Structure formats: C-alpha cells, structure tokens
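Each chain, written out:
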Amino acid sequence: MAKEEAVSMDIDDKKNDHQINPKFSINVLQLLKSAQMQHGLRHGDYTRYRRYCTARLRRLYKSLKFTHGQGKYNKKAITESTVTEVRYLHVLLYTAERAWSHAMEKRQLPNGPAPCQRIYLIGRLRKAVKWATLFAQLCAVKGDSRTSLEAEAYASFMKGTLLFELEQNWDTALMNFKSARAVYEQLGKYGDIENQVLCRERVQELDPNINYCSIKAGKSNIKTSELADMGQMEGPALDLFKAKLEAVMDEARSQQAASMTEFNWLGHRFPVANAKTRVSILKAQELEKDLHGSAAVPAEKKVVMYDKIFAAYHEARSCIRKDLVNAGDTENVKDDLSGLDKAVSAVLGQRTIERNQLLVSIAKSKFSRNRDDKVEKATKPEGLVRLFDLLIQNTSDLSDLVTSRRDSTPEEVAFAEEFALKNQVFRAERCFYLAKSYSLAGKRAEAYVLYGRARSLAESTLQKLKAMSSFDKDMIQDLEVLYNNSRSNICIEHAAGIMEEEKAPGMLAKGVSSISLTEDGKKVEKFLLENLDVYEPSVADPNTKGVPHIEPFPPAFQSVPRNPIVLDIAFNSIEFPSLDSRMKKEKKGLISRFWG
C-alpha cells in the first residue's frame, strides 16, 4: 500500500509539474515561410523583411512588457526561467531572422559587398548563429519534441550558412547542412499536407548547398553545369548559394575569356581587348545557349533570362564606350571599338525583338484562351497593338543601325532587308488586332477597313517571303493564318454591319412607339418612409436588381410662403421741407464781418 501511494504521489507530482511548466509548440518552418513570403522574400526584398522583423520584435517586447528601458539601455537576457510564454521564443527566432536578413541584404549589393561591408555581413551572420543556437537550447527545454527538432534544424542551417560565407571548414558546413536536411526529410513524412510540402521544398533548397560544400571538401565530382541547373531553383535558402555560384561562373568565364580575342558579327571580326568586355559577352552568350538549348523552359523564366542577357550586353557596351573615350587619337583602335559597339548594339536589338515576340506569343495564347475561359482576366487587343508598336519600332531602329554606314556589306544589306520584311509582318499583325479592338467597340466600318488593310499587307509580304530562298517557315505559316483570319473577319464584319443596318429602323420605331408624354407608363417607385405601416426588409427581393430607397434624394422642390415685395415708387416724388433754419450757424469775427 505504501508503494502504491508513493507511485501515485510521484505521478501526481509529474502531472502538476507538467501543468506548471507546459511545453510550448511552434511550427518553425511554417511560421518563417509565411512571414518571408508575405513580407518581401517572395521577390528577394531582404530590406523589407528585415524591417518587418524589427517591427515584429518591437510589438513582442511591448506586449510582453520586456522592454529594455527608456533612455539608458538596460539589457535583459532571455533565460530558461524567463520563458513563461511562447512569445519569448518568438523573440529569439525573429532576432535571428533579423540578423540573417540584414546579412543577406548586404550580400545583394549591386557590385557585391565591399571589404568593410563583408566584415559587417559576417558579424551579422555570427549574431544570427548566436540567437538561433539560444533558440534551439531553450526549445529543447521549453518546447515539445517537434519544436525542439525544428529549432535544431534551424540552428544547423544558420551555422552552415556562416561557414559557407566564410569559405572555410567545408566539412563542418556540410555536416550542418546534412543534419538540417535529415530533420526536414523526416518531418516531411508526417503532419498535414501543407507541412509536408514545405519540408520537401526545404530539402530541395538545401541540396545545392550540400553539393557545393561536397565539391569544395573534395567529396564529390559534380560538374559546374549541374550546379548551374540547381541554381535555377527559387527560395530564400538558395540566395547565398546563387551568389557563390555566380562567383564561380565569373571565375570560369574569366579563364575562358583569356582565349577569346574576337567578336564575329555578319562576317566582321572585331578584336576585343578589354577583359571585362570579354567576360560580359561570354556571359550573354552562355545565357543565349541556355535559352535556346532547352525547349522545356517556361515562358515566364525565358523573360527573366532575356533580362539577364540585356544586362550583360549593356555592361559590355558601357565598357566599350569607356574604352572609346580613353582611346585618344588612334584611328584604328577607334574604328575597331566603334564597329564592336555597333555589333553588340545590333545583337542587343535582335534579342529585344525576340523577347517582344515572346511576349506577343504569351499575350496571343491568353487572348485565344480567354474567349473560351471566362474565369481568367481577359487580354484586350489593345495590349497586343502596343506590343506590335514596340516591335515595329525595334525593327526600324535595327535596320537604321545596320545601314548607317555608306559602304555596307552584302551581309548587312541582307540583314536589313530581312528585318524590313519582319517590320511589314508586324504591321499586318498590328492592323489585325487594331481591327479587333474596333470590332469589340461596335465600330463595324473602321474594323472592316482595317481587316482589309491587314489582309493586303499579309498578302504582299507573303509573296516577298516565298520569293526568298531562306526564311523562317514559322513566320510564313503565321502570315497565312493571319491572311485567312483577316479574310473571314472581313466577311463577318460586313454581315454584322448589314444586319445592324437592317435592324436599325425597327429598333428606332420600337423606341419611338414606347415614348409617352405622360407618366402613366412610368414605374412608380415606393420609398420606405411612405410605407411605415408595412414591414419592408433591409434588402430588396431576390428578383429585383435595385436596392430599396428610404427617401427620394435629392428632395423635390416645394412651394413655400414668402413675404410680399413692396416697391416704394412715391419716394422720388416727395418734396421735403428745408432744414437750413435748424442748422447751426458759424460765428464770425470783427474783421470777417466787414470783409465777409
């Protein structure tokens, strides 16, 4: 009996201890992901996320009454005895996130962090590791088993990130990333669907970091091209890896650029002496290979790749123009640099046209799909007209650039003729979609004329294209489709115009017949104030479109009494008596009496 009583007392003590010190639960990954996606990291804006973490900490300190004093700063440490609420653990978590986001903000500077900024960056990462480690230690005591496990994975990720940036102890960084990956891999097997998806995404984000550390530690033979494929993934955990990968790719390009001496364009060979220019051109050419080499790349990612190509070519042009300024009076060098600038500008113009054509194809697919699907937001033909305006301007500028010299080569003449024909194609497409916009506005005559113009432009351009030996077959096919669509739409607009003209007299007669000079046929609207003795609901009947009105507004004019207007016309005829006798006379002196 005594043993049973002792056991029961021990169980009761454990229950009471568990009730006094409850275990806190935090879904760390889900909490961080929602905060990051809602406050800037969806678009890589670390400044906005850091400000959110600062504001969140301010609210937590104020709600916990855990402020550090006003005026003089009094540091208050968070220890095991301090953590009486789960919000104290949130303070540690968001402090680590603030330090990490500040470091990543410095990492994303345009030309990379300067030496002093890199020292500050590493200091912020050390702070993030410090707070993440403290968060994991307190979660091990105050949190449940899942929270403790997620906190350990978070701390391991922060430690691996610090070593990754320091570029030392690759084995330790690899071990930390692998331990974090193992935790998320196991957690991805349990819980709800949302948590499983988040854990699997985290595992995929950690894989490139693990592979990179394995290469640096000499434990893997993965090629740089495979790492570049991993760099196409998205996620906050991959931003540091992408920065390192870009540095590796720049180093490889610099080594490859040493062998690049010329830039070929339309039969011309332009020497490239500047190393920065060579690296920028090589970067753009690699992106072009990736863009055209894989057909499975989505259209949205292709647009992003085009933006990177533009940035690389613009950087090359700026280097070339700096060299032109510093060239001095050497005519040969100036001619070579001018030709190189023209060639790079022409290639940039070609890629701009390709990107705008990609945007046109995306808009066309949405335009044709939205006619059947009413859920998506409709693509208006005016948007396509604007894109074709840009394409017409791009082709005109490119043709003018190529034919700017007097002694143009046959290759340059053929190149200019090709884009002049493309200009005609874009004009025909523009006429077609401009006619579409007029047709949707109900302007049949304008649409009919524009469809006819698009048809004639398509027909004349088709004849020129078919006369050429080598040209884009897809463009010929698109022009044939445009010709047939213009022809069918001409017939449709003609028929619709005749039908509307035939129906116009009947509609006019019907409208005139419904006109009444009296208000007998007008529907009398009832207001709530006129039927106070009858219950009316606050909402209208389901069959009526309008809402019930309380009182007519603005109120109608009413006749009100007014005082009569009196015109005093006798005033001008009255002769008033003279008052001179009553006026005070001025006294005069002795001299004034004689001399007046």
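Residues numbered from 1 in each chain as written. Predicted model: local features only at pLDDT ≥ 70, side-chain atom pairs only at ≥ 80, totals over all residues. Heavy atoms only, no water.

**So, the overall build of the protein chain**
Here comes step 1: If you tally the helices and strands in the protein chain, you get 18 helices and two strands.
Here comes step 2: Counting only residues that meet the buried cut, the protein chain has 36% of its 596 residues in that class.
Here comes step 3: Partitioning the contacts of the protein chain with sequence separation of at least 6, the portion at a separation of at least 24 is 66%.
Here comes step 4: Total accessible area on the protein chain is roughly 38,500 Å²; 54% of this is exposed by carbon and sulfur atoms. (Helix = DSSP H or I, 4+ residues; strand = E, 2+ residues; numbered from the N terminus. Buried < 20%, exposed > 50% of the residue type's maximum accessible area, 1.4 Å probe, protein only. Contact = heavy atoms within 4.5 Å. Areas by Shrake-Rupley, 256 points an atom, 1.4 Å probe, with all protein chains shown as cover.)

**As for the side chain of Thr-147**
Here comes step 1: Residue placement: Thr-147 occurs in helix H6 (residues 145–166).
Here comes step 2: By relative accessible area, which is 1% here, Thr-147 ends up buried.

**Topic: the pattern of salt bridges**
Where charged atoms from two side chains of opposite charge approach closely, those side chains can pair.
Here comes step 1: If you walk through the whole model with that rule in mind, you get 19 salt bridges.
Here comes step 2: The partner of Glu-185 in a salt bridge is Arg-181, with the nearest N and O atoms 3.0 Å apart. Here the residue Glu-185 and the residue Arg-181 both occupy positions in helix H7 (residues 170–187), the gap between them amounting to four residues, near one helical turn.
Here comes step 3: One network of salt bridges, in which partners are shared, links Lys-33, Arg-202 and Glu-205. (Salt bridge = Lys/Arg side-chain N within 4 Å of Asp/Glu carboxyl O.)

**Digging into unusual backbone geometry**
Here comes step 1: A positive phi angle, close to 55°, is found at Lys-65, a residue other than glycine.
Here comes step 2: Along the chain, the position of Lys-65 falls in the loop between helix H3 (46–64) and helix H4 (86–107).
Here comes step 3: The backbone phi angle of Asn-169 is positive, close to 55°, even though this residue is not glycine.
Here comes step 4: When you line up the elements, Asn-169 lands in the loop between H6 and H7.
Here comes step 5: Classification of Asn-169 by relative accessible area gives partly exposed; the value is 49%.

**A look at a nonpolar patch on the surface**
Here comes step 1: There is a patch of nonpolar side chains on the surface, built from Leu-529, Leu-532 and Ile-550 and spanning about 330 Å² of accessible area.
Here comes step 2: Relative to the elements of secondary structure, Leu-532 occurs in the loop between helix H17 (473–513) and helix H18 (590–595).
Here comes step 3: The exposure class assigned to Leu-532 is exposed, which follows from its relative accessible area of 68%. (Patch = residues over 30% accessible without salt bridge, like charges linked within 9 Å, V, L, I, M, F, W, Y side chains within 5 Å.)

**Section: the environment of Ile-281**
Here comes step 1: Of note, Ile-281 is situated in helix H11 (residues 275–293).
Here comes step 2: Counting along the chain gives 33 residues from Ile-281 to His-314, while the straight-line C-alpha distance between them is 9.6 Å.

**Focus: helix H2 (residues 28–38)**
Here comes step 1: For H2, every residue scored as buried is listed here: Val-28, Leu-29, Leu-32, Lys-33, Ala-35 and Gln-36. Along the axis of H2, the buried residues cluster in a sector spanning 170°; they form a single face.
Here comes step 2: Buried positions along H2 lie against H3, H4, helix H5 (115–142), H6, H7 and helix H8 (193–216).
Here comes step 3: Taken from the residues just after H2, Gly-40 is the one with a positive phi, measuring 115°. (Arc of directions from axis to C-beta.)

**Quick word on the packing of H2 against H4**
In a packed pair of helices, the relevant descriptors are the angle between the two axes and the axis-to-axis distance.
Here comes step 1: It is at 12 Å that the axes of H2 and H4 come closest, and there the two elements cross at 50°. Regarding the angle of H2 to H4, the classification is oblique. H2 and H4 meet at a crossing whose hand is right-handed. Each of Val-28, Leu-31, Leu-32, Ala-35 and Gln-36 in H2 lies in contact with H4, whose residues at this interface are His-90, Leu-93, Tyr-94, Glu-97 and Trp-100.
Here comes step 2: Grouping the amino acids of the contact of H2 with H4 by side-chain chemistry returns seven nonpolar, two polar and one charged. (Axes fitted to C-alpha atoms, helices over the stretch in contact; angles between N-to-C directions. Parallel < 35°, antiparallel > 145°, perpendicular 65-115°, else oblique. Left-handed = near helix turned anticlockwise from the far one by under 90°. Nonpolar A, V, L, I, M, F, W, Y, C, P; charged D, E, K, R; others polar.)

**Structural notes on the confidence of the model for the protein chain**
Here comes step 1: In this model, the protein chain carries an average pLDDT of 80, and 80% of its residues clear a pLDDT of 70 or more.
Here comes step 2: Between residues 1–19, whose pLDDT stays under 50, and residues either more than four places distant or in other chains, the model counts one contact.
Here comes step 3: Scored below 50 in pLDDT, residues 223–232 makes 17 contacts in the model with residues more than four places away or belonging to other chains. (pLDDT = per-residue confidence, 0-100.)

**Things to note about the pairing of strand E2 (residues 268–271)**
Here comes step 1: Burial of the side chains of E2 is restricted to one face: His-268 and Phe-270 are buried, whereas none of Arg-269 and Pro-271 on the reverse face is.
Here comes step 2: Linking strand E1 (residues 262–265) to E2, which pair antiparallel, is a turn of two residues; within it Leu-266 sits at a positive phi near 50°. (Pairing = 2+ DSSP bridges.)

**A few points about the nonpolar core**
Here comes step 1: Judged by nonpolar contacts, the single largest core of 64 residues is most densely connected at Phe-263 and Trp-265.
Here comes step 2: The set of elements that each furnish at least two residues to this core consists of E1, H11, helix H12 (299–325), helix H13 (331–370), helix H14 (381–402), helix H15 (410–440), helix H16 (444–467) and H17.
Here comes step 3: Per element, the largest residue contribution to this core is 13 residues, and it comes from H13.
Here comes step 4: Setting aside chain neighbours within four positions, we find Trp-265 in contact with Phe-270, Lys-342, Ala-343, Ala-346, Val-347, Gln-350, Val-402 and Glu-412. (Core = buried A, V, L, I, M, F, W, Y, C linked by side-chain atoms within 4.5 Å.)

**Re the packing of aromatic side chains**
Here comes step 1: One pass over the full model with this rule turns up 19 aromatic pairs.
Here comes step 2: An angle of 75° between the planes, with centres 5.7 Å apart, marks the rings of Tyr-46 and Trp-100 as edge-to-face. Of the two residues, Tyr-46 sits in helix H3 while Trp-100 sits in helix H4, which places them 54 residues apart along the sequence. Of the two residues examined, Tyr-46 and Trp-100, each falls in the buried class.
Here comes step 3: An aromatic cluster of at least three residues, connected via ring pairs, comprises Phe-367, Phe-388, Phe-426, Phe-432, Tyr-433 and Tyr-451.
Here comes step 4: Directly above the aromatic system of Trp-131 lies the positively charged group of Lys-130, at a separation of 5.0 Å from the ring centroid.
Here comes step 5: Over the ring of Phe-157 we find Arg-202, and its NZ or CZ is 4.7 Å from the ring centre. (Phe/Tyr/Trp six-rings, centres within 6.5 Å; stacked < 30°, edge-to-face > 60°. Lys NZ or Arg CZ within 6 Å of the ring centre and 35° of its normal.)

**Re a negative patch on the surface**
Here comes step 1: The grouping of Asp-329, Glu-331, Asp-335 and Asp-336 at the surface amounts to a negative patch.
Here comes step 2: Examined against the element boundaries, Asp-336 turns out to sit in helix H13.
Here comes step 3: Residue classification places Asp-336 among the partly exposed residues on the basis of a relative accessible area of 33%. (Lys, Arg positive; Asp, Glu negative; His and termini not counted. Charge placed at Lys NZ, Arg CZ, Asp CG, Glu CD.)

**Here's the deal with the pairing of E1**
Here comes step 1: Burial along E1 is one-sided: Phe-263 and Trp-265 are buried, while Glu-262 and Asn-264, pointing the other way, are not.
Here comes step 2: Judged from the four bridges that link them, E1 and E2 form a sheet pairing that is antiparallel. Pairing of Asn-264 across the sheet is with Arg-269, part of E2.

**With respect to the packing of H15 against H17**
Here comes step 1: Interhelical geometry of H15 versus H17 gives an angle of 30° and a closest axis separation of 11 Å. Compared by their axis directions, H15 and H17 come out roughly parallel. Of the two possible hands of crossing, H15 and H17 adopt the one that is left-handed. Every residue of H17 that contacts H15 at Lys-422, Val-425, Ala-428, Glu-429, Phe-432, Lys-436 and Ser-439 is listed here: Met-475, Leu-479, Leu-482, Asn-485, Ser-486, Asn-489 and Glu-493.
Here comes step 2: Each residue belonging to the contact of H15 with H17 can be placed in one class, and the counts come to six nonpolar, four polar and four charged.

**Quick word on H12**
Residues spaced three or four apart along an α-helix face the same direction, because each turn holds 3.6 residues.
Here comes step 1: Look at H12: 39 Å from first C-alpha to last across 27 residues, which is about the 39 Å you get at 1.5 Å a residue.
Here comes step 2: Listed as buried for H12 are Val-303, Met-305, Tyr-306, Ile-309, Phe-310, Ala-312, Tyr-313, Ala-316, Arg-317, Cys-319 and Ile-320. (Expected span 1.5 Å × (residues − 1).)

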